[in-house]
Amino acid sequence: MTAPRPLSTGRRLWRYARPMRGLLLAGTLALVLNSGVEPAMMYFLQHLLDALKLGGGSMGQINQLFWVLSLLGVLLAATDFAHTFTADYIGQTIVRDLRRDLFARMQHLSLSFYDDQSTGLLMSRATNDVNVLQTRLNYELARLIKCPLSIAALLGLMLYTSWRLTLVSFVTVAVLVPLVDRAGKLMKAHTTGLQDRLGDLSARLQESIAAIRVVQCFGATDVEIGKFEVENANVRRAAMRTVRVRSLLQPLTHLIGLLGLLVVMWFGGYELFVRRSITAGQLLVLLGSLQLITTNFKQLGRALLAQHEILAAAEKIFQVIDTASEVVDRPGAVALEEIEGRVTFAEVGFRYKTGRTVLDGVTLELSPGEAVAVVGPSGAGKSTLANLIPRLYDVTSGQVLVDGHDVRDVTLASLRAQIGIVPQETVLFRGTIRDNIAYGRPDASLDEVVAAAVAANADAFIREFPDGYETLVGERGRTLSGGQAQRVAIARAILRDPKILILDEATSSLDTQNEALVQEALERLMRARTTLVIAHRLSTIQSCHRIVVLQDGQIAESGTHQELLDLGGHYRRSYLLQQGDHAA
């Protein structure tokens, strides 16, 4: 059985418009009417001009033609408003829904996807590419329907008025059609390149801003400016390719239209004065219609260029939306009910896509309520081990079990609802302190939020702010000190009340005073919870029930603090080294 062919980008965009079929139909009808009004006005204008020129018409006829033209003008304005408004509405709705789906996909993608992707490139997909759709999708695409209809209606009027002069004007049309088609193909290729370069520029910008402290401390501002200039110049070069196509198309269309108009004028003069086969009014209608056809071809050309820009940008967006998450609920996955908190690693192996093995045959069990610290050199696999519990990654071999359930056999939502985490790099979100504490439980009352803050040693400093719990923390919590932000993160974990807790070097970046306050809050948080502690400072984990030493992806030592000191292995050496540094 052959797999179904993937939908084209255009058809996928149509799926977003399909729920608005009624509005789309109304807008299309308005476009059809609008396209027919112009030639109708030209037709009645011809009769008015002939009546005035030849003097054969009565005032009654002239008045009648005047009112008909006035009504057609009102109809033209009304249909123009109707199709413009509906096109804008449909276009903005498509962009909204596409942006929503893009963001939702980004939220569900596995961490392995982000390991391989630049944040700046993803930001470019959500901003630059979506912005192309937002600025092009409505009015420009409406012209793809309106302009051909107008051209066909005007050509019909010209054929009705004088088929000889219409055939002469076909020379202009025959040149314009392949010109516009060729420009559209060039535009799609150049736009794809431009979107890629904009992605590279966004990646460079995001990286430099995120690392601004390092950049300035290392005196590397000029180096970063130089790198940015390279990417900026690449964007300009790519943009100029599209500019050249767009800039050449406009004057060429205008020139060809003008030459065609002059040819029709010459032949029209011959028909009017020599053969006397047409009237002056008919000649003016023919010339006016040809001018309108040329104008519509210009607009159609711009619309086709916009169409290719839209398709190129949409393809980039759909590439992200189509990316499959590696960590998903298995068919038949069950919800994890109330648990005791037993965590088991059974012969666990893990390696990244690069092929580097991080964990190799790790077997470890955490009993309910037990606090187990995992220590070891950088790259030993400590954080990877912790990431396997909430299924941020899936094991390469072996099993991770919670209360005997393989974490791959339960739903992600129910699994992660049982887990709390306090990371090394505190993550706070734009909003108030109360919002951040209640992040895992948005329905929590203020009393519950305050109680969690008290337990996390955060209530006192929060109340010192003029707005208290309604204080805005700013982007990534930058208005708070490191210790304050970490205590807010601990309060967030306390309020969530998880059965399983992961502390990933939660005190590694704090000074002694803040570390004491945070450590006290962490000890409250760890009570009666199964806790996996990733630690670098060995002085902070002496109270843990058990300490496991990871080395080269395997468990090298395991025991209590005193047992490991007595063992005289890697842990003892590391502890004495840190104690020596502390004493020094």
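Residues numbered from 1 in each chain as written. Predicted model: local features only at pLDDT ≥ 70, side-chain atom pairs only at ≥ 80, totals over all residues. Heavy atoms only, no water.

Colleague: I'm lost on the sheet that holds strand 8 (residues 530-534) in this one. Help?
Modeller: The strands that make up a sheet are held in pairs by hydrogen bonds between backbone atoms, and each pair lies either parallel or antiparallel. In space, the 6 strands of this open sheet follow the order 6-7-8-3-9-10, with mixed pairing throughout. Each edge of the open sheet carries a strand with a single partner, namely strand 6 (419-422) and strand 10 (554-559). The sheet shows a mean angle of 20° between the axes of neighbouring strands, direction not considered. Bridging between strand 3 (residues 371-375) and strand 9 (residues 546-551) involves 4 bridges; their strand directions are parallel. Looking across to strand 9, one finds that Ala373 is bridged to Ile547. Packed on one face of the sheet, helix 16 (residues 482-496) meets strand 6 and strand 7 (500-504) and runs near 175° to strand 6. (Pairing = 2+ DSSP bridges. Helix = DSSP H or I, 4+ residues; strand = E, 2+ residues; numbered from the N terminus. Axes fitted to C-alpha atoms, helices over the stretch in contact; angles between N-to-C directions. Contact = heavy atoms within 4.5 Å.)

Colleague: Quick question: what am I supposed to make of the pattern of salt bridges here?
Modeller: When charged atoms on two side chains of opposite charge get close, those side chains can pair. A complete count under the given rule lists 14 salt bridges for this structure. As a salt-bridge pair, Asp97 and Arg96 come within 2.9 Å of each other at their nearest N and O atoms. Note that Arg463 is salt-bridged to Asp459, the shortest N-O span being 3.0 Å. Of this pair, Arg463 and Asp459 both sit in helix 15 (residues 459-464), 4 residues apart, which is roughly one turn of that helix. Residue classification places Arg463 among the exposed residues on the basis of a relative accessible area of 53%. Residue classification places Asp459 among the buried residues on the basis of a relative accessible area of 16%. Sharing partners across several salt bridges, the network here consists of Arg96, Asp97, Arg100 and Asp101. (Salt bridge = Lys/Arg side-chain N within 4 Å of Asp/Glu carboxyl O. Buried < 20%, exposed > 50% of the residue type's maximum accessible area, 1.4 Å probe, protein only.)

Colleague: When you look at the environment of Leu565 in this model, what are you seeing that I'm missing?
Modeller: With respect to the secondary-structure elements, Leu565 resides in helix 18 (residues 561-567). Residue Leu565 is classed as buried on the basis of its relative accessible area, which comes to 11%. When the C-alpha atoms of Leu565 and Tyr575 are compared, they prove to be 8.2 Å apart, with 10 residues separating the residues in sequence. Setting aside residues up to four positions removed in sequence, Leu565 forms contacts with Tyr571, Arg572 and Tyr575.

Colleague: Would you explain the environment of Arg537 in this entry?
Modeller: Checked against the element boundaries, Arg537 lands in the loop between strand 8 and strand 9. Sequence-wise, Arg537 and Gln578 are 41 residues apart; in three dimensions their C-alpha atoms are separated by 7.8 Å.

Colleague: I keep staring at the packing of helix 3 (residues 59-108) against helix 5 (residues 119-136) and nothing clicks. Help me out?
Modeller: Two packed helices can be described by the angle between their axes and the distance between those axes. Where helix 3 contacts helix 5, the axes come no closer than 10 Å and their chain directions differ by 170°. By the angle between their axes, helix 3 is roughly antiparallel relative to helix 5. From helix 3, Gln92, Val95, Leu98, Arg99, Leu102 and Met106 reach across to helix 5, where they touch Leu122, Arg125, Ala126, Val130, Leu133 and Gln134. Residues belonging to the contact of helix 3 with helix 5 are distributed by class as follows: 8 nonpolar, 2 polar and 2 charged. (Parallel < 35°, antiparallel > 145°, perpendicular 65-115°, else oblique. Nonpolar A, V, L, I, M, F, W, Y, C, P; charged D, E, K, R; others polar.)

Colleague: Looking at this model, I keep getting lost on the packing of helix 14 (residues 446-455) against helix 16. Mind explaining?
Modeller: Relative to each other, helix 14 and helix 16 sit at 125°, their axes nearing to 8 Å. Between helix 14 and helix 16, the crossing angle belongs to the class labelled oblique. The hand of the helix 14/helix 16 crossing is right-handed. Taken together, the residues of helix 16 that come into contact with helix 14 (itself represented by Glu448, Val449, Ala452, Ala453 and Ala455) are Ala491, Ile494 and Leu495. Here the residues of the contact of helix 14 with helix 16 are counted per class, giving 7 nonpolar, no polar and 1 charged. (Left-handed = near helix turned anticlockwise from the far one by under 90°.)

Colleague: Please clarify how the sheet that holds strand 1 (residues 343-351) should be interpreted in this entry.
Modeller: One open sheet holds the 4 strands; their spatial order is 2-1-4-5, and the pairing between them is antiparallel. A strand with exactly one partner marks an edge of an open sheet, and here the two such strands are strand 2 (357-366) and strand 5 (405-406). Bridge analysis of strand 4 (residues 397-402) against strand 5 gives 2 bridges, and the strand direction is antiparallel. Each bridged residue has a counterpart across the sheet, and for Val402 the counterpart in strand 5 is His405.

Taken by themselves, the reported measurements are silent on function.
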